Amino acid sequence: MALLRSRTTRWAALGVALASSIALGTSVPAQAGESTKSADDATELLARFSELDQARTAPTGLVAPGAYSAAVAQLSALPAAPGAWTEITKTPYNSDDPRYRDPGASNSSGGAGYVTGRVQAVATDTQCIFAGGAAGGVNRSCDGGTSWTAIGDALPTQSIGYLRIAPDGALWVATGDGTTGSGTYVGTGVYRLASPDSATLTPTDRVGGTELESQVIRGLTIDPQGNRVFAAGSRGVYAHALTGSLTTAWTNVLAPCRSGMLSCTDVNSNYWDIANDIAVQPGTGGQVVLANVAWRSGAAYNGFYLSKNAGASWTKVNPGGAINPKDIGNSTFAYGADGTHLYVEVESPQALNSGAASALQGVYVSLSGNVAGPYNLIANVSKLAQSGSAERKQRIGGGYQPGVQAWYNQFVGVDPANPNHVYIGLEEVYESFNTGATWNAVGRYWNFGFACWSNFDSQSTCDGNVVHSDQHTIAFGSGNTAGQVLVGNDGGLYSRSVKPGTTSWKSLTRSGQLDQLQYYSVAVGKDVQPGAPTGSVQVWGGLQDNGVSLLDPQNSGQVSPFGGDGGDQLVDPNNGCRTVGEYVDLTLQMTTNCGKADGSPASDSAIITIAPNDPLPRFIAPFSIDQSDPNMWVAGGEFVWTNTKTWSSTSGADWTQAADSGAGHSITSLVSRNHTVWAGWCGSCNPGSAFNRGVLSNAGGSGYRQLAMPSNVPLRMVTGVTADPTDPNSAYVVFGGYSRTWTDGPGNLAAGTGHVWKVTAQGSVDANGNENATWTDVSGNLPDIPGDSLLITGNRVVLATDLGVVETTLSQLQSRAPSWSRDAVPDTIATKTVAGPDGNLYVSTFGRGIWRSTL
């Protein structure tokens, strides 16, 4: 997660005075076993992952293997919808544009430069670079990162966990977002592309069967000597032959909990056997294999595991030396090319659970290459903070130190030509040429807080040692990219020379063609600025870790008026420069001039905060304009909030509490039409026996009441609510997750069936004080796919799902048995659909940018 500079610094007459700390908590329940004590933005990141997981795995937290394949098969059977779609965000996104530097909302001038979404995996061969997005698929560049081509659009998932080039030149692709260690955006297994420089991936390239479905894969290790490939999955370590038949099943060779190797009663079974990394020691003929299996918040099974017989059997190792074996969480291994110098980066569950300023136990080296050690400590929080880091307490505050997100962002890379030359990735990139005796922060978080920094580019003297924050992957170039190191992070892909003295990075996303932007939302308004082309619009979107983007015809590419994390977005359809964005947790910020601020004191108020003081908002909390009255806004946390001052608002005090969804509840979606509000909520939101959901509304004329829900209504997350334009007492409710067919674990039958239901308030109250309501499953032939949002515009009904976009007609929806068709948007997570004032339909995706089609 990227911080917002105003959260860590305060401004005084164009100077920067350092804030003493970051005072920010979370209001969303963490996953089982996790602390909510941490007072920094890393806790917000935990909340985000928790919420994404909840929406897809409730009520039990477990999705059975095969769910994804079944959904894809059902989706593929749908007819194609008419109409063409265009990816409109495949354009440069400059996070440092000097025209958008509001001190309270923007991170512009921080130094990250041109960015895209999270690059989770990178690999190189002699000709090309391959980049895997967390939800953006696989892209290929054969000209050093200038142009990019998507080569995985035919796959049933765009969620990528790891990439690896085999000795025969084949590209191995592991699917499933590799950062959560849970079930947020799971994958469909591993694929092998024989000719990656020229061919594209297809479903027939899958290795094995369904055994790796509904998992995330955090690591792939290829062992040519043993003719094996190992995958570190969220249900353990799996192995497959490197050559020969690709259709044979993967073998689960290490699952300490499920195999009975260890007793794991101390942790929920949802978090058993999470494998984070696996390595084969060079020079051992493929016999010595080591793995880190650990739940980030701590479990008895956490630790290092060793096999001396190519993965046939395993023992849990008690590492000697400086490592604390009782405090091993998410860890990453890297060997020197000769099999010595085993480097290990270790997260501390104890620090994570205590809310410490860093979750890093340390970085260690075993100079013998032995997984048992002894290990020497070569980097800790203090040493890295003193290396030129932007996360030094005196620069960023006391609550955000190196490794604060060590459970989320990690890599270790050893120069293949020099085992003493090592890189580590946390929030920043650090480099050592002497086995970790000394370190330099060569990829800083940002330039804020340094004497070299100025809000005016002409006065800034900082070097180019800045990349976007939160590091996930590293690769060393070969052939055309020989002598280069490449790092992937929450803002894209960067490269530089491995030579000593290098002082800058090259953004490989500068062209905008590597569009892996992860949007939570999209909103569109008419461009009424002087000189605007006739009929033009401005397109806004809230992004994961990349602020709020603005696509304006009068700019060259996209800019970022709001920094940090984006969220939902509200735009005046008649004036695209008037918008409300969300940092996180219903922290609403408004601008009426497109957020233009050049850094001068006169422009400091371009964006103002108008956040309601809600006790329990979601990480991405919903808010919107009433569909019939532009002079009313609604927002949801625990409470339903209304605002009638709208564009004249000056603070959070302009919001009024309209209703309480209930103690411990958080609103997940809401809509208002003619002042009739429908609000879906969860509470408890964590999957398990306490999970619950509901809908609060003032439909029916009885004031705000909970709607009665019969037992056949799915006990899954309410991810969308859409007002029925033909009946003020009816709405369509969208449910996430999978039906009871694919929900595992106790209570799975309550998951029910269907993803779109119609609810009608009856105008009467039952014995429990709830509004009587009728519920009808109107899913029709909709595939069993988690739904995200539903748009009704005229007779067109468009549904955003975790596998792209489908649509039907309102008349068919009203028939209660609609036939759906499939739109030509990649099979990635579609988050929101809106109708623009220009007569176009817009869809935001979490990994493939924003797409447009004619209404």
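Just above, that's the structure.
Read on for a plain summary of the structure. (Residues numbered from 1 in each chain as written. Predicted model: local features only at pLDDT ≥ 70, side-chain atom pairs only at ≥ 80, totals over all residues. Heavy atoms only, no water.)

The next subject is the overall build of the protein chain. When you go through the protein chain residue by residue, the secondary structure sums to seven helices and 61 strands. Radius of gyration (C-alpha) of the protein chain: 25 Å, near the 29 Å computed for a compact globule of 855 residues. Dimensions of the protein chain, computed from the C-alpha atoms along their principal axes, are close to 75 × 60 × 50 Å. Here the protein chain holds 855 residues, and the buried ones make up 65% of them. Across the protein chain, contacts joining residues at least 24 apart in sequence account for 58% of those joining residues at least 6 apart. Surface accessibility of the protein chain: about 25,900 Å² in total, with carbon and sulfur atoms responsible for 50%. (Helix = DSSP H or I, 4+ residues; strand = E, 2+ residues; numbered from the N terminus. Rg over C-alpha atoms; globule rule 2.2 N^0.38 Å. Buried < 20%, exposed > 50% of the residue type's maximum accessible area, 1.4 Å probe, protein only. Contact = heavy atoms within 4.5 Å. Areas by Shrake-Rupley, 256 points an atom, 1.4 Å probe, with all protein chains shown as cover.)

Time to look at the sheet that holds strand 17 (residues 251-254). Strand order in this open sheet of four strands is 14-15-16-17, and the pairing throughout is antiparallel. Unpaired on one side and paired on the other, strand 14 (217-223) and strand 17 mark the two borders of the sheet. For this sheet, the mean inter-axis angle between neighbouring strands, taken without regard to orientation, is 30°. Direction of pairing for strand 15 (residues 228-233) relative to strand 16 (residues 236-241): antiparallel, over a ladder of six bridges. Bridging across to strand 16, G233 finds its partner in G236. (Pairing = 2+ DSSP bridges. Axes fitted to C-alpha atoms, helices over the stretch in contact; angles between N-to-C directions.)

Moving on to the nonpolar core. The biggest cluster of nonpolar side chains holds 34 residues, and the ones touching the most others in it are Y343, L384, W407, I424, Y430 and W439. Taken together, the elements giving at least two residues each to this core come down to helix 2 (41-57), strand 24 (360-366), strand 25 (376-379), strand 26 (411-414) and strand 27 (422-425). With four residues, helix 2 is the single largest residue contributor to this core. Apart from the residues within four sequence positions on either side, Y430 is in contact with L384, S387, S389, E391, P402, V422, Y423, I424, W439, N440, A441 and V442. Formed by 27 residues, the second largest nonpolar core is a distinct cluster that contains V442, V485, V487 and L551. (Core = buried A, V, L, I, M, F, W, Y, C linked by side-chain atoms within 4.5 Å.)

Moving on, we get to unusual backbone geometry. Cis geometry is found at the peptide bond from A58 to P59, where omega equals 15°. Of note, P59 is situated in the loop between helix 2 and strand 3 (62-63). Here the amide bond leading from G683 into S684 is cis, since omega sits at -5°, within 30 degrees of zero. Along the polypeptide, S684 turns up in the loop between strand 47 (676-682) and strand 48 (693-697). Of note in this structure, D470 is not a glycine but carries a positive phi near 75°. Tracing the backbone through its elements, the reader meets D470 in the loop between strand 29 (440-443) and strand 30 (471-476). By relative accessible area, D470 is classed as buried at 0%. For L586, which is not glycine, the phi dihedral falls at a positive 65°. The class for L586 is buried, based on a relative accessible area of 1%.

This brings us to the sheet that holds strand 25. Strand order in the open sheet formed by four strands is 22-23-24-25, and the pairing between neighbours is antiparallel. Bordering the open sheet on either side are strand 22 (331-334) and strand 25, each of which pairs with just one other strand. The sheet shows a mean angle of 25° between the axes of neighbouring strands, direction not considered. Pairing between strand 22 and strand 23 (residues 342-347): four bridges, direction antiparallel. Bridge assignment links S331 to a residue of strand 23, and that residue is V346.

This paragraph deals with the packing of aromatic side chains. For the structure on display, the rule yields 15 aromatic pairs. Ring centres of W633 and W655 lie 6.3 Å apart, and the angle between their planes is 40°; on these two criteria the pair is classed as tilted. On the criterion of sequence distance, the pair formed by W633 in strand 43 (residues 633-636) and W655 in the loop between strand 44 (639-643) and strand 45 (656-660) is long-range, its members being 22 residues apart. Neither residue differs from the other here; W633 and W655 are each classed as buried. An aromatic cluster is built from Y400, Y445, W446, F448 and W453, whose rings are joined through pairwise contacts. Here R444 stacks its cationic end above the ring of F450, 5.1 Å away from the centre of that ring. (Phe/Tyr/Trp six-rings, centres within 6.5 Å; stacked < 30°, edge-to-face > 60°. Lys NZ or Arg CZ within 6 Å of the ring centre and 35° of its normal.)

Under the criterion given, the structure shown has 19 salt bridges. The shortest N-O distance in the salt bridge between D788 and R56 comes to 3.2 Å. Of this pair, D788 sits in strand 55 (residues 787-793) while R56 sits in helix 2, placing them 732 residues apart in sequence. Residues D788 and R56 agree in their burial class; the two are buried. Here D568 makes a salt bridge to K832, at a shortest N to O gap of 2.8 Å. Of the two residues, D568 sits in the loop between strand 37 (558-562) and strand 38 (569-572) while K832 sits in strand 59 (residues 830-835), which places them 264 residues apart along the sequence. Assigned by exposure class, D568 and K832 land together as buried. Through salt bridges with shared partners, one network takes in R56, D788 and D802. (Salt bridge = Lys/Arg side-chain N within 4 Å of Asp/Glu carboxyl O.)

What follows is about the side chain of S366. Position of S366 relative to the elements: it lies in strand 24. When residues no more than four places from it in sequence are discounted, the contact partners of S366 are H341, L342, G373, P374 and Y375.

A67, Y68, A70, A71, V72 and L75 are the residues of helix 3 (residues 67-76) that are buried. Where the residues of helix 3 are buried, they touch strand 3, strand 57 (804-809) and strand 58 (821-822).

We now examine the environment of L78. Its location among the elements puts L78 in the loop between helix 3 and strand 4 (86-87). For the pair formed by L78 and T831, sequence separation is 753 residues and the distance between their alpha carbons is 20 Å. Apart from the residues lying within four places of it in its own chain, the contact partners of L78 are N781, P783, V806, W820, S821 and R822.

With that settled, consider the side chain of D572. By the element assignment, D572 lies in strand 38. Note on D572: relative accessible area 9%, which makes it buried. A polar atom in the side chain of D572 sits 2.9 Å from the backbone nitrogen of N574. A polar contact is formed between the side chain of D572 and the side chain of R578, at a distance of 2.8 Å. (Polar contact = N/O pair within 3.5 Å; in protein donor to acceptor, adjacent residues only side chain to side chain.)

A full pass over the atoms with the stated rule returns five disulfides. Between the sulfur atoms of C577 and its disulfide mate C594 the distance is 2.0 Å. Between C577 and C594 the sulfur-sulfur dihedral comes to about -90°; the bridge is accordingly left-handed. Of this pair, C577 sits in strand 39 (residues 575-582) while C594 is found in the loop between strand 40 (588-591) and strand 41 (607-609), placing the two residues 17 residues apart along the sequence. (Disulfide = S-S within 2.5 Å.)

Let us look at the environment of G745. Positionally, G745 belongs in the loop between strand 52 (743-744) and strand 53 (756-765). The exposure class of G745 is partly exposed, given its relative accessible area of 29%. Sequence separation between G745 and M590 is 155 residues; the distance between their C-alpha atoms is 44 Å.

The subject of this paragraph is the pairing of strand 24. Of all seven residues in strand 24, seven are buried, a share of seventy percent or more. Across six bridges, the pairing between strand 23 and strand 24 is antiparallel. Each bridged residue has a counterpart across the sheet, and for Y343 the counterpart in strand 24 is V365.

Moving on, we come to the pairing of strand 27. Both faces of strand 27 are covered, namely the face carrying V422 and I424 and the face carrying Y423 and G425. Of the strand pairs in this sheet, strand 26 and strand 27 are connected by four bridges, and their pairing is antiparallel. Bridge pairing in strand 27 links V412 to I424. In the sheet, strand 27 pairs with strand 28 (residues 429-432) via four bridges, with the strands oriented antiparallel. Of the residues in strand 28, the one forming a bridge with I424 is Y430. Adjacent in sequence and paired antiparallel, strand 27 and strand 28 are bridged by three residues.

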